[in-house]
Amino acid sequence: MYLLLAVAILVLLGAFVNYVNLTTARALDRAREVGVRKAVGSNQQQIRMQVLVSISVKTIATALLDAVKSLRNE
């Protein structure tokens, strides 16, 4: 019983470390991208819209792919 609990905790810890690593990498990429956009003259509204559209497109694409996958498994 305790062995399974220890394994579950290790798996969750590994998933958490992976999540933090990926989130940090994305934030660094986003900061670099925003810096380039500011350097070429984009204003704050344009940067906000670009980030919002980018996140929205990724979210919608993921939802559609999940819907297709779930329909294929039925």
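See the structure above.
Reading the values: the criteria
Residue numbers here run from 1 along each chain, matching the order of that chain's written sequence. Totals for whole chains, interfaces and linings use every residue, but because this is a predicted model, local features are given only for residues with pLDDT of at least 70 and side-chain atom pairs only at 80 or more, for both listing and counting. Only hydrogens and water are removed before side-chain values are computed, so all heavy atoms of the structure are retained for them. Helix and strand definitions follow DSSP, with helices as H or I runs of at least four residues and strands as E runs of at least two, each counted in order from the N terminus. Working rule for helices: expected span equals 1.5 Å times residues minus one. Each reported salt bridge corresponds to a side-chain nitrogen of Lys or Arg within 4 Å of a carboxyl oxygen of Asp or Glu. Between buried and exposed lies partly exposed: a residue is buried under 20% and exposed over 50% of the maximum accessible area for its type, with that area taken using a 1.4 Å probe on protein chains only.

Colleague: Please give an account of helix 1 (residues 2-39) that cites residues and values.
Modeller: The terminal C-alpha atoms of helix 1 lie 55 Å apart, and with 38 residues this matches the ideal 56 Å at 1.5 Å per residue to within 8%. Directly after helix 1, the chain includes glycine 41, whose backbone phi takes a positive value near 105 degrees.

Colleague: Lay out the pattern of salt bridges in plain terms, naming residues and giving numbers.
Modeller: Opposite charge on two side chains makes pairing possible when the charged atoms of those side chains draw close. With the rule as written, the count across this model stands at three salt bridges. The partner of arginine 32 in a salt bridge is aspartate 29, and the shortest N-O contact between them spans 3.0 Å. On the criterion of helical spacing, the pair formed by arginine 32 and aspartate 29 is a turn pair, its members being three residues apart in helix 1. Residue class for arginine 32 comes out exposed when judged on its relative accessible area of 55%. For aspartate 29, a relative accessible area of 44% puts it in the partly exposed group. Its salt-bridge partner being glutamate 33, residue arginine 37 comes within 3.9 Å of it at the nearest N-O pair. Note that arginine 37 and glutamate 33 are positioned in helix 1 at a spacing of four residues, about one turn of the helix. Judged by its relative accessible area of 30%, glutamate 33 is partly exposed. By sharing partners, the salt bridges in this structure join Arg30, Glu33 and Arg37 into a single network.

By themselves, these observations are geometric and do not establish any function.
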